[in-house]
Amino acid sequence: MSEFKFPVINPLLHSELRLKIMVALDSLESADFVYLCKITDSTRGNMSVQIKTLQEAGYLEVTKSGVGKFSRTVCCITHKGMEALHAYEKGIQRMFKEKVPAKEVKEA
């Protein structure tokens, strides 16, 4: 009998806001910064930090256009980001579907 182990869950995606960003972008072609703040109920500061973290991991592509007050930031999920998100989803599903096997207790 092999030893049971839970699946590895990507800690980068286990943050609530980062997960919401990734799920939103998985279903959209792209989304701008203001829209992501609105649908996630996030502050601009927190959203900025989380987008930067996901971008540095290679999960998002970020495009900025315009200048000053009228600048626009648009985010798109990358192929690497999609793969990471789908692996995360499968890992979470596995955790709920698979049960930790009961060990046989041998009496001494």
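Let me sum up the structure you'll find in this document. None of the values given here were measured: they were computed from a predicted structure.

About the cut-offs
Every chain is numbered independently, its residues counted from 1 as its sequence is written. The predicted origin of the model limits local features to residues at a pLDDT of at least 70 and limits the giving and counting of side-chain atom pairs to 80 or more, whereas totals for whole chains, interfaces and linings rest on all residues. For the side-chain quantities, the full set of heavy atoms in the structure was used; hydrogens and water were omitted. In this scheme, strands are said to pair when DSSP sees at least two bridges between them. Only runs of H or I of at least four residues qualify as helices and only runs of E of at least two qualify as strands under DSSP, and these elements are numbered from the N terminus. By definition, residues are in contact when any of their heavy atoms lie within 4.5 Å. Lines fitted to C-alpha atoms define the axes, with helix axes restricted to the stretch in contact, and inter-axis angles between N-to-C directions lie between 0 and 180 degrees. Only protein chains enter the accessibility calculation, which uses a 1.4 Å probe; a residue is then buried when its area is under 20% of its type maximum, exposed when over 50%, and partly exposed in between.

## Overview of the sheet that holds strand S2 (residues 60-65)
Taken in spatial order, the 3 strands line up as S1-S3-S2 in an open sheet, and their pairing is antiparallel. Each edge of the sheet is formed by a strand with only one pairing partner; in this case those strands are strand S1 (31-32) and S2. Taken together, the 2 bridges between S1 and strand S3 (residues 72-77) define a ladder with antiparallel strand orientation. Note that in S3 the partner of Asp32 across the bridge is Val74. Contacting S1, S2 and S3, helix H1 (residues 16-27) runs over the sheet at an angle of about 80 degrees to S3.

## Some points on the pairing of S2
Pairing of S2 with S3, which is carried by 6 bridges, proceeds in the antiparallel orientation. Paired with Ser65 across the two strands is Arg72, which belongs to S3.

## Considering the environment of Met95
If you trace the backbone, Met95 turns up in helix H4 (residues 79-97). Overall, Met95 belongs to the partly exposed group, its relative accessible area being 31%. The spacing of Met95 and Phe6 is 89 residues in sequence and 6.6 Å in space, taken between C-alpha atoms. Among residues more than four places away in sequence, those in contact with Met95 are Phe6, Pro7 and Ile9.

Everything listed is a geometric property; what it means functionally is a separate question.
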